[in-house]
Amino acid sequence: MRLILATAALAALAACSGANNASTSKNTTTTTTAVTAAPSPAPPGQVVKIGIDLPLSGGDASVGISTEQGALLAIDQAQKNMPHGYTLQGEALDDSVQGVHNPEQGVSNVRSFISDAAVLAVVGPYNSNVARAEIPVTNAAGLAQIGPSVVADNLTIGPDAAQLRRTNPSMNTFFRVCTTDSRQGSALAQFARSLGFKRTYIIDDNETYGLDLADRFEKDFTADGGTVLARDHLAKNTQDFKSLLLKVLAAKPDVVFFGGVTSTGGGLIRKQMFSVGLGKTAYMGGDGLADLGTVAAAQADGSYYTLAAPNAQKLPAARAFVKTYRAKYNADIGPYSANAYAAAQVAANAIIRAIGSSKGAIPARAAVVANVAATKLETPIGPISFDKYGDVTNPVLSLYGFKNGQPYFIRQIQLKL
Amino acid sequence: MHEFLAQLVNGISLGGIYALIALGYTMVYGIIGLINFAHGDVYTLGSFFALTILTALGVSGELHGVALVVDVAIALIGAALLCGIVGVLIERLAYRRLRNAPRLAPLITAIGISFILENVMQIWKGPAPVSFPAVVPNPSVMVAGVAIGAQQFLLVGLAVVMMVALQLFIHNTRLGRAMRATAEDRDAAQLMGININRTIMLTFLIGSALAGVAGFVSGVYYQSTWFFNGFGAGLKAFTAAVLGGIGNIAGAMLGGFLIGIIESFATWKFGGQWSNVTVFAILILVLVFRPSGLLGEAVFERA
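What you are looking at is a predicted structure, and each value in this text was computed from that prediction instead of being measured.

## Describing the overall build of chain A
(1) Moving on: Each helix and strand in chain A was counted, giving 14 helices and 16 strands.
(2) Moving on: Going through the 417 residues of chain A one by one, you find that 57% of them count as buried.
(3) Moving on: Within chain A, residue pairs in contact and separated by at least 24 positions form 73% of the contacts whose partners lie at least 6 positions apart.

## Re helix 14 (residues 365-373) of chain A
(1) Moving on: Those residues of helix 14 of chain A not exposed but buried are Arg 365, Val 368, Val 369, Asn 371 and Val 372 of chain A. Buried residues of helix 14 of chain A fall within an arc of 165° about the axis and therefore sit on the same side.

## Things to note about the packing of helix 2 (residues 39-56) of chain B against helix 9 (residues 229-244) of chain B
Residues and elements named next belong to chain B.
(1) Moving on: Packing of helix 2 against helix 9 leaves a shortest axis separation of 7 Å and a crossing angle of 130°. It follows that helix 2 is oblique to helix 9 by the angle criterion. The chirality of how helix 2 crosses helix 9 is right-handed. Contacts between helix 2 and helix 9 involve Gly 40, Asp 41, Tyr 43 and Thr 44 on the former and, on the latter, Asn 229, Gly 230, Phe 231, Ala 233 and Gly 234.
(2) Moving on: Class assignment for the residues of the contact of helix 2 with helix 9 results in three nonpolar, five polar and one charged.

## A closer look at the domain arrangement of chain A
Residue and element names in this part refer to chain A.
(1) Moving on: Domains assigned within chain A are domain 1 (46-179 + 313-386) and domain 2 (181-307 + 399-414).
(2) Moving on: For domain 1 versus domain 2, the separation of C-alpha centres amounts to 33 Å.
(3) Moving on: Interface area for domain 1 against domain 2, summed over the two sides, is near 560 Å², with a carbon-plus-sulfur share of 47%.
(4) Moving on: Three residues, Asp 153, Thr 179 and Lys 314, lead the burial of domain 1 against domain 2; their summed loss comes to 67% of the area buried on that side.
(5) Moving on: One can count zero salt bridges joining domain 1 with domain 2.
(6) Moving on: Between domain 1 and domain 2 we count two residue pairs in polar contact (both at pLDDT 80 or more) in total.
(7) Moving on: Taken together, the residues that form the side of domain 1 that touches domain 2 break down as three nonpolar, one polar and two charged.

## Things to note about the sheet that holds strand 10 (residues 255-259) of chain A
Residues and elements named next belong to chain A.
(1) Moving on: Here we have seven strands laid out as an open sheet, ordered 9-8-10-11-12-15-16, and mixed in their pairing. Each end of this open sheet is capped by a strand with a single partner; those strands are strand 9 (227-233) and strand 16 (406-414). Going across the sheet, the axis of each strand differs from the next one's by a mean of 25°, ignoring polarity.
(2) Moving on: Most of the contacts of helix 7 (residues 181-194) go to strand 16, to which it runs at about 95°, and overall it touches strand 10, strand 11 (282-285), strand 12 (303-307), strand 15 (396-403) and strand 16.
(3) Moving on: Helix 10 (residues 266-276) contacts strand 8 (199-204), strand 10, strand 11 and strand 12 of the sheet and is inclined by roughly 175° relative to strand 11.

## With respect to the pattern of salt bridges
Residues and elements named next belong to chain A.
(1) Moving on: In this structure the tally under the stated criterion is 13 salt bridges over all chains.
(2) Moving on: Asp 204 is paired through a salt bridge with Arg 231; the nearest N and O atoms lie 2.8 Å apart. Note that Asp 204 is positioned in strand 8 and Arg 231 in strand 9, a separation of 27 residues in sequence.
(3) Moving on: Using a relative accessible area of 0% as the deciding quantity, one classes Asp 204 as buried.

## Points about the interface of chain B and chain A
(1) Moving on: Contact residues are listed per partner, giving 30 residues for chain B and 22 residues for chain A.
(2) Moving on: Of the roughly 2200 Å² buried between chain B and chain A on both sides combined, carbon and sulfur atoms contribute 50%.
(3) Moving on: Linking chain B with chain A are 12 residue pairs in polar contact (both at pLDDT 80 or more).
(4) Moving on: Listed by contribution, the elements that provide at least two residues to the side of chain B that touches chain A are helix 1 (2-32), helix 8 (196-222), helix 9, helix 10 (249-270) and helix 11 (275-289) of chain B.
(5) Moving on: Tallied by class, residues from the side of chain B that touches chain A come to 12 nonpolar, 15 polar and three charged.

## With respect to helix 5 (residues 128-141) of chain A
Residue and element names in this part refer to chain A.
(1) Moving on: For helix 5, built from 14 residues, the straight-helix expectation of 20 Å at 1.5 Å per residue is met to within 8% by its first-to-last C-alpha distance of 20 Å.
(2) Moving on: Of all the bends in helix 5, the largest measures some 35° and sits at Glu 134, one to four residues before the proline Pro 136.
(3) Moving on: In terms of burial, helix 5 is largely enclosed, as 10 of its 14 residues are buried.
(4) Moving on: If you check which residues of helix 5 are buried, you get Val 130, Ala 131, Glu 134, Ile 135, Pro 136, Val 137, Thr 138, Asn 139, Ala 140 and Ala 141.
(5) Moving on: Once helix 5 finishes, Gly 142 follows within two positions and takes phi at roughly 65°, a positive value.

## Thoughts on unusual backbone geometry
(1) Moving on: Residue Pro 125 of chain A is reached from Gly 124 of chain A by a cis peptide bond, and omega for that bond is -5°.
(2) Moving on: Tracing the backbone through its elements, the reader meets Pro 125 of chain A in the loop between strand 5 (119-123) and helix 5.
(3) Moving on: The phi angle at Ala 144 of chain B is positive, at roughly 50°, despite the residue not being glycine.
(4) Moving on: Non-glycine residue Gln 223 of chain B carries a positive phi angle of around 55°.
(5) Moving on: Positionally, Gln 223 of chain B belongs in the loop between helix 8 and strand 4 (224-225).

Definitions and limits used
- Residues numbered from 1 in each chain as written.
- Chains lettered and ligands numbered in written order.
- Predicted model: local features only at pLDDT ≥ 70, side-chain atom pairs only at ≥ 80, totals over all residues.
- Heavy atoms only, no water.
- Helix = DSSP H or I, 4+ residues; strand = E, 2+ residues; numbered from the N terminus.
- Buried < 20%, exposed > 50% of the residue type's maximum accessible area, 1.4 Å probe, protein only.
- Contact = heavy atoms within 4.5 Å.
- Arc of directions from axis to C-beta.
- Axes fitted to C-alpha atoms, helices over the stretch in contact; angles between N-to-C directions.
- Parallel < 35°, antiparallel > 145°, perpendicular 65-115°, else oblique.
- Left-handed = near helix turned anticlockwise from the far one by under 90°.
- Nonpolar A, V, L, I, M, F, W, Y, C, P; charged D, E, K, R; others polar.
- Domains from an automatic or database assignment.
- Buried area = accessible area lost by both parts, 1.4 Å probe.
- Salt bridge = Lys/Arg side-chain N within 4 Å of Asp/Glu carboxyl O.
- Polar contact = N/O pair within 3.5 Å; in protein donor to acceptor, adjacent residues only side chain to side chain.
- Pairing = 2+ DSSP bridges.
- Expected span 1.5 Å × (residues − 1).
- Bend = angle between axes of the 7 residues up to and from the residue.

Shown next, in the form of structure tokens:
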């Protein structure tokens, strides 16, 4: 496995040196031809590919490889449904450079997929900043791309996303099977209200992720009949949150909501809640608080956080997948294995349907995109279909709490949109 | 009124930490005219040393009785001593050879040392905040409806005791007199037979040891530490030293408490994101309108 990855990485490096030399205009020309090329009948033994772009070495490798394995498993299993004469292959490229996921490397990986006419869809990337660099390229090429784990809001929605799709504005080529950052805010608001919390004090760390999360929580919590007592933003490089928490104490909230991550203040706020007398008040945030236990230890108890993905280990629909994965790779699934499996399933399914409607000929990439957009598929993470932006229409998130400083799974939250 | 008092108590506690750090800034500035930007990181290093010592002693929670006194003393003195040694090493390696260079040169090496310390600490304890055991029990007394914890008394008490001890040392001992003479006129002091290198070394030893004390008490008070804490705390302590009059021991103390109170009130009245803005706006106002600070340069005098 390692050897294959290494070779793939080398191939990617070789390909990228070539791709980087090619001018942008040249790339656009070749890719436009790919979009409009007339379908030709498939010769026997025709190979079609799903490209996989993930960080497979360095610090991200532990999650990257388990994600890759999820996608490869789906491609493997889709083989038996391929039309006669077709072989489906997964081709994985590493987007890490010197151990860190790298947007430029991601782009050159995607370019090498585009230049290979057999690649009909791409699964990946893992990271939002890599996706931001890749989406304009796959969009220009009209190649379907399905993200298993990229959660930044502005990849699909809003003016930023429109800017990413500027070459082919009428054609949305980017889809994702996970939900978005800010929807965690909605899920947390629903959960807070279901616990009977009426009054909240919202703090955020003044960074993009934290602000989006807190905005969404504020909006949904209010809409759901809750009261937002006040909203405060943190200053950078501070270790004293006690004066802020004295204000919170005076406001008497049922729950303190934090938009941000443990290291920007999320951990210290929880600890200092105890020293000002707020230790019994509940504390909530998004996946940025998932490592709260490492800072606050047992003081994390009474805190809750969400992940923007279902807990596949606990989903009834995922049981078979979890078992097969374990048997094949002799390891438990990673955090995004099930998502990658679902993403590759969506891609394979769209390719199969596109081949069907082209009467056995190799389908155009545009036809695959159209089929992905029209997806209605049962996957281990639930039924998947996409809205016009490429986001899933039934986002499932999972909710966790802390006991003795350790996170425990509470339940899945299916968002009402 | 109640909230005003609560914020005041919180501000004074926070100010105690700034004051301890500011003492080191002001001493070093007084004697060699250098703003030692690595000083904030020596403070963080102090909390790391204290944490390591406590872990080695097997302490993971509240202590009582003899164990409390003994273990806290070992951690406090150990952190202070180790920080003092680091301070002396920093002076020897990064500043001594540049003593007669243009003032910009040691300032830049100071920033370089700051980066080095931050990165060493990041490798040492990792990039995330680290938990610090709450060694000192924190029973509180109610004063006018505001709970004041034992840790807050300890923090402010230590800061005041350190400042008084430092004042007495500087004004009543031979070494203190040597420090004052060096600050006044380095060349003349050398002609009088004062060992300049040793005197400056002593200044760094004491200043950095005080930062070590601050590191220990902040660890106890916040029950956490982080490799990057020194950056923010150092800048605010520097502001405190300037506000009180850089080079002035009592001024550093006064400035430290004032900055703590101002930060606390700014958070209360204007919101958390404005606390830094308020503190640094004051730095600018002081530099523009009263560059010598509130108490001027009464102890160390430099041209």
